[in-house]
Amino acid sequence: MTAPTTTPLVELDDVSKYYGNVRALEGVSLEVSAGEITCVLGDNGAGKSTLIKIVAGLHRHDAGTFRIEGEEVALASPRDALDRGIATVYQDLAVVPLMPVWRNFFLGSEPTKGKGPFKRLDVETMRTTTREALLRMGIDLRDVDQPIGTLSGGERQCVAIARAVHFGARVLVLDEPTAALGVKQSGVVLKYVAAARDQGLGVVLITHNPHHAYLVGDRFVLLKRGVTAASHTKDSVTLDELTRQMAGGSELDDLRHELERPAGP
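These numbers come from a predicted model, not from an experiment.

Student: Would you take a moment to explain the overall build of the chain for this structure?
Tutor: Helix and strand counts for the chain stand at nine helices and 12 strands. For the chain, the C-alpha atoms occupy an extent of roughly 90 × 50 × 45 Å along the three principal directions. Within the chain, the proportion of its 265 residues that are buried is 43%. If you take every contact in the chain between residues at least 6 apart in sequence, the share linking residues at least 24 apart comes to 65%.

Student: I keep staring at the sheet that holds strand 6 (residues 86-89) and nothing clicks. Help me out?
Tutor: Paired through backbone hydrogen bonds, the strands of a sheet run either parallel or antiparallel to each other. Reading across the sheet, the six strands line up as 6-9-10-3-11-12 and stay open at both edges, with mixed pairing between neighbours. The open sheet has two edge strands, strand 6 and strand 12 (227-233), and neither has a second partner. Neighbour-to-neighbour, the strand axes of this sheet turn through a mean angle of 15 degrees, independent of strand direction. Sheet topology note: the strand 9 (residues 171-175)/strand 10 (residues 202-207) ladder contains five bridges and is parallel. For V171, the partnering residue across the bridge sits in strand 10 and is G202. Packing against the sheet, helix 6 (residues 183-198) makes contact with strand 3 (37-41), strand 9 and strand 10, and its axis sits at approximately 155 degrees to strand 10.

Student: Please clarify how the layout of surface pockets should be interpreted in this entry.
Tutor: By volume, the largest pocket amounts to about 810 Å³. Considering the residues around the largest pocket, the lining is formed by 31 residues, among which L82, A87, T88, R163 and A164 are closest to the centre. Contributions of two or more residues to the lining of the largest pocket are made by helix 2 (78-83), strand 6, helix 3 (101-105) and helix 5 (153-166). In the lining of the largest pocket, the residues fall into 20 nonpolar, six polar and five charged.

Student: Explain the pairing of strand 11 (residues 219-224) here, please?
Tutor: Each regular strand shows side chains that alternate between the opposite faces of the sheet. Of the pairings in the sheet, the one linking strand 3 to strand 11 comprises four bridges and is parallel in character. Opposite V40, over in strand 11, you have V221 as the bridge partner. Examined bridge by bridge, strand 11 and strand 12 share six bridges and lie antiparallel to one another. By the bridge assignment, K224 is partnered in strand 12 with V227. Hairpin remark: strand 11 followed by strand 12, antiparallel, with two residues in the connecting loop; positive phi at R225, about 50 degrees.

Student: What exactly am I supposed to notice about the packing of helix 4 (residues 123-136) against helix 5 here?
Tutor: To characterise two packed helices, one gives the angle between the axes of the helices and the distance between these axes. As a packed pair, helix 4 and helix 5 sit with axes 9 Å apart at the nearest point and diverge in direction by 100 degrees. By the angle class used here, helix 4 and helix 5 are roughly perpendicular. Contacts from T129, A133, L134 and R136 in helix 4 reach V159, A162 and H166 in helix 5. The residue makeup of the contact of helix 4 with helix 5, split by class, is four nonpolar, two polar and one charged.

Student: When you look at unusual backbone geometry in this model, what are you seeing that I'm missing?
Tutor: As a rule of thumb, non-glycine residues mostly have phi less than zero, and peptide bonds are mostly trans rather than cis. For D14, which is not a glycine, the phi torsion comes out positive at approximately 55 degrees. Within the fold, D14 resides in strand 1 (residues 10-19). Looking at D14, the relative accessible area reads 46%, which means it is partly exposed. Residue R225 is not a glycine yet carries a positive backbone phi of 50 degrees. Position of R225 relative to the elements: it lies in the loop between strand 11 and strand 12.

Parameters at a glance
Residues numbered from 1 in each chain as written. Predicted model: local features only at pLDDT ≥ 70, side-chain atom pairs only at ≥ 80, totals over all residues. Heavy atoms only, no water. Helix = DSSP H or I, 4+ residues; strand = E, 2+ residues; numbered from the N terminus. Buried < 20%, exposed > 50% of the residue type's maximum accessible area, 1.4 Å probe, protein only. Contact = heavy atoms within 4.5 Å. Pairing = 2+ DSSP bridges. Axes fitted to C-alpha atoms, helices over the stretch in contact; angles between N-to-C directions. 1 Å grid on protein atoms, 1.4 Å probe; cavity = no way out; pocket = protein on both sides within 12 Å on 5 of 7 lines; lining within 4 Å. Points joined across faces, edges and corners; volume = space filled by probe spheres on them. Nonpolar A, V, L, I, M, F, W, Y, C, P; charged D, E, K, R; others polar. Parallel < 35°, antiparallel > 145°, perpendicular 65-115°, else oblique.

In structure tokens form, the structure reads like this:
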């Protein structure tokens with residue numbers, strides 16, 4: 001008996017993007033399944049940002065195929081992506097630092113109560129829902145009334161992840177969530193990335209850190225100058241090999257030979 005195949009939540013097949021004569025992406029393929037984390041690795045200029053913008057609906061791809069749950073799409077806007085269950089959390093989180101955590105949690109989606117001139121924000125519902133949604137992800141904040149700007153970078157990332165889960169995201173795209181964090185805070189964020197995966201979301205983790213990627217990733221796509229340099233599953237690559245490929249692999253070996261001191265007389 002053949003096991004049933006599961007359609008990926010998001011699939012890019014030979015996708016390319018050009019800005020005039022500049023190649024930002026060419027022939028890149030990516031697969032994101034429910035309950036899995038796909039890590040996209042690459043240095044600055046590798047094409048990671050362009051890839052995010054295509055999946056998030058900011059830019060349309062110029063060639064190749066973009067599918068959501070098996071349906072070929074060309075997203076028209078970030079709202080279009082959200083409506084299809086794709087939420088993107090950018091490195092520079094879109095928060096209002098002086099507003100409380102609960103206000104930022106519902107920013108743009110605030111529930112109201114009352115009618116006509118008596119219509120007002122349902123503050124108690126927002127406070128309670130925020131607290132409960134964070135606890136479901138295992139995030140126990142001291143006080144949801146505190147300004148979100150008083151939280152650490154890792155805590156703000158975790159709130160953003162919990163928000164995406166609460167509002168029904170099926171695919172979560174995370175743009176370098178640990179880039180500006182220390183080891184301890186990075187560990188906290190990765191814990192909640194794994195929690196989102198365990199709730200059945202498909203996660204795309206954009207990072208330049210192979211150690212962070214290998215801790216949580218199921219699939220790895222390495223980008224270099226807009227093309228796919230390598231593609232692996234967790235069981236087909238070691239951390240050492242992933243790190244070596246990320247660092248340049250054979251190019252690094254060539255550089256070492258060039259920099260070696262000449263043998264003495």
